[in-house]
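Fold and contact review
As a plain string of letters, each chain reads:
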Amino acid sequence: MTALTVKNLSSAYQKKIVLDSLTFSIEEGTLTGVVGPNGAGKSTMIKAILGLQPKMTGSIEFFNGKLKKLTNHLGYVPQRGAVDWDFPTNVLDVVTMGLYGQIGWFQYPGKKHRQLAFEALEKVNMAEYANRQISQLSGGQQQRVFLARALVQDADLYFMDEPFAGVDAKTEKTIIAVLKELKSKGKTVLVVHHDLQTVPAYFDHVLLLNKQLIAYGPTNETFTKSFLKKTYGGEIHWMGSDQFVESL
Amino acid sequence: MVGVMSNLRQQGLMSDAISHAALPGVILAFLLTGEKQLAVLIIGAGISGLIAAFFIYGIEQSTRIKRDAAMGIILSVFFGGGIMLLSIANRTGGGSQSGLDSFIFGQAASMVRSDTYVMGGLALLVMVLVFLFYKQWKVVLFDPQHANMMGIHAHLFSSLYTFLLVLVIVIGIQAVGVILMAALLIIPALSARYWTHSLFFLFLLSGFFGGFAGGVGTLISSSESNLPTGPFIVVTSSSLFLISMIFGVKKGLIPIKRLSRGTTVLSERTSGGEGK
């Protein structure tokens, strides 16, 4: 089944086009790395797909439109800077918040929910920090807490925004293990990723993005020199090196 | 409690802007109706407070002006307009006796029994709303995007929050006045933060601190005639804050110093520091 179908998606930020009519579809059970230079619109694309950012044109369809109560099937791991880590709460609480969408309107989270949250923390090797204040976590630990918060939702399609950025080796290992487990369970994952060297090792599919969709497909076919050049080098040409020469 | 939310949204000054902006509404309502009906004045305050909040969000979203600057503009424009209207109201007669001046610094002594019922009712409403939707508030305050993802509409709760904020302010200004209202909202919440790391207790404690400061401040100011209530409440509240800052068990200056003397705790604290 197709997990995600994006048709003609465009988005702008303060009147500047950030995403230019993207069209692609992602199969269920794949692990996709979203790769492109800074300002290529990677985060914007994820937010636009999830409806967190207004889109100008385009349509998004999840799982061929067959799922009811879609919010329970989508998981999102934002960049760490997205929240105020001085917020008065502890690690277990943050992870439990991942379940709030599944708890009734007037219900408080109970023992069962905290148990689920604790299990998610175990998966990211953070169980010992369950009662720790979130202001006392390192960057990598914060990332793992966010990961656990998404895991506890038990979603079918995950979006992760640079989970590997600036984390320690232990966290990196944990994230890789989690990605593998998700894949083995048949979940679909999209990960915004910066480190080109590790792309072939981590992901089975690659989406190359630079405002426009450069290429999408299996890593061994898509993650090639010519496509990468188009993704990273193309922009420099387009920035007008020719024009610059002419004006001299 | 509403103060806790505005602090966590890093909008402490928003309450200041709204309370200043309530002044022209109060005076205009008086000028238009020609009588000092509390309900009418409060509606006037509420409307102009909401308009101010609306303008601030509008400026922030549609221009490059940052929120603090937007608040500065709106605050001074509305407050200036309010003072201007006040002098007009005083000149046209009836205004000076109406006690409109007391809206600037507040005069709890001028309150009557029905006012306290209104305040009590409002306090109850806020408490019910906070604890009924505690879960939603928490996730919306912590990470609004994540809330949206899970089908909890952050916009809905943001609007409810702004509505509550304006409501609390317009009811509160008759006691402490437009200038000091913000202090009453912000300071108890900040003080409470020094004593707890839990959002739940933060709500409870800041409500308690606010009530305590209000009670003690009013007692002191009523001990002699002609003492304004607002400043005394704020001074009491600030003293509580000072005590909290120094002795607060969770984030206070002394406990933290004592903690860092132990080597194990020291290493824990420094490792926690990386994330900042």
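If you look chain B up in an unreviewed UniProt entry, it shows as Manganese ABC transporter from Jeotgalibacillus campisalis. Looking at chain B in UniProt, the text filed under Subcellular location (unreviewed entry) is "Cell membrane". Taken directly from UniProt, the Sequence similarities (unreviewed entry) text for chain B runs: "Belongs to the ABC-3 integral membrane protein family."

Going by what an unreviewed UniProt entry lists, chain A is known as Manganese ABC transporter ATP-binding protein and is assigned to Jeotgalibacillus campisalis. As stated in UniProt under Sequence similarities (unreviewed entry), the record for chain A gives "Belongs to the ABC transporter superfamily."

1. Regarding the interface of chain B and chain A
Listed per partner, the contact involves 37 residues of chain B and 40 residues of chain A. When the buried surface of chain B facing chain A is broken down by residue, B:Lys135, B:Phe142 and B:Met149 rank first, second and third, together holding 26% of it. The interface formed by chain B and chain A contains two salt bridges. One salt bridge connects B:Lys138 with A:Asp93, and the closest N-O pair in it is separated by 2.8 Å. Scanning the region where chain B abuts chain A turns up six residue pairs in polar contact (both at pLDDT 80 or more). With seven residues, helix α8 (residues 134-142) of chain B is the largest single contributor of residues to the side of chain B that touches chain A. Along the lines of polarity and charge, the residues of the side of chain B that touches chain A split into 16 nonpolar, eleven polar and ten charged.

2. Concerning the environment of A:Leu228
Residues and elements named next belong to chain A. Positionally, leucine 228 belongs in helix α8 (residues 225-247). Given the relative accessible area of 18%, leucine 228 is considered buried. Separated by 20 residues in the primary sequence, leucine 228 and leucine 208 have C-alpha atoms spaced 7.6 Å apart. Aside from chain neighbours lying at most four places away, what touches leucine 228 is Leu196, Leu208, Phe223 and Gly233.

3. Points about the nonpolar core
A:Leu121, A:Met160, A:Leu179 and B:Ile173 are the most contacted members of the largest nonpolar core, which totals 117 residues. Two domains share this core, each providing at least three of its residues, namely domain 1 (2-67 + 156-247) and domain 2 (83-154) of chain A. When residues no more than four places from it in sequence are discounted, the contact partners of A:Leu179 are A:Leu31, A:Met160, A:Phe164, A:Val189, A:Val191 and A:Phe203. By size, the runner-up hydrophobic cluster in this structure holds 26 residues, among which are A:Ala48, A:Phe62, A:Tyr76 and A:Leu157.

4. Focus on the domain arrangement of chain A
Residue and element names in this part refer to chain A. By domain assignment, chain A separates into domain 1 (2-67 + 156-247) and domain 2 (83-154). Between the C-alpha centres of domain 1 and domain 2 the distance comes to 27 Å. Contacts between the two partners involve 16 residues from domain 1 and, on the opposite side, eleven residues from domain 2. In total, about 1100 Å² of surface goes out of reach between domain 1 and domain 2, with carbon and sulfur atoms giving 57% of it. Its largest share of buried area at the contact with domain 2, domain 1 owes to Tyr158, Thr174 and Val178, together 36% of the area lost on that side. The interface formed by domain 1 and domain 2 holds one salt bridge in total. With a shortest N-O distance of 3.0 Å, lysine 187 and aspartate 154 are connected by a salt bridge. In this structure, the connection of domain 1 to domain 2 is made through four residue pairs in polar contact (both at pLDDT 80 or more). Put simply, the parts of the chain that give the side of domain 1 that touches domain 2 at least two residues each are β6 (157-161) and α5 (169-184). The dominant element in the side of domain 1 that touches domain 2, judged by the number of residues it contributes, is α5, at seven residues. A class-by-class count of the residues in the side of domain 1 that touches domain 2 yields seven nonpolar, two polar and seven charged.

Criteria and cut-off values
- Here the residue index of a chain counts from 1 through its sequence in written order.
- Here chains are named by letter from A upward and ligands by number from 1 upward, in the order in which they appear as written.
- The predicted origin of the model limits local features to residues at a pLDDT of at least 70 and limits the giving and counting of side-chain atom pairs to 80 or more, whereas totals for whole chains, interfaces and linings rest on all residues.
- Note that the side-chain values use all heavy atoms of the structure and ignore hydrogens as well as water.
- UniProt positions are given in the numbering used here, feature names are shortened, and annotations may be inferred rather than shown by experiment.
- Between two residues, a contact is recorded if the distance between any of their heavy atoms is within 4.5 Å.
- Note: buried area is the sum, over both parts, of the accessible area (probe 1.4 Å) each one loses when the two are combined.
- Salt bridges, as used here, are contacts in which a Lys or Arg side-chain nitrogen is within 4 Å of a carboxyl oxygen on Asp or Glu.
- N or O atoms within 3.5 Å of each other form a polar contact, as long as, within protein, one can give a hydrogen and the other can take it, and as long as residues adjacent in sequence are counted only when both atoms are side-chain atoms.
- Secondary structure elements follow DSSP: runs of H or I of four or more residues count as helices, runs of E of two or more count as strands, with numbering from the N terminus.
- Three classes are used, and their members are as follows: Ala, Val, Leu, Ile, Met, Phe, Trp, Tyr, Cys and Pro are nonpolar, Asp, Glu, Lys and Arg are charged, and the others, Gly among them, are polar.
- Burial here depends on accessible area, computed with a 1.4 Å probe over protein chains only, as a share of the maximum for the residue type. Under 20% is buried, over 50% is exposed, and the range in between is partly exposed.
- The definition of a nonpolar core used throughout is a set of buried Ala, Val, Leu, Ile, Met, Phe, Trp, Tyr and Cys residues joined through side-chain atoms within 4.5 Å.
- The domain boundaries here were taken from an automatic or database domain assignment.

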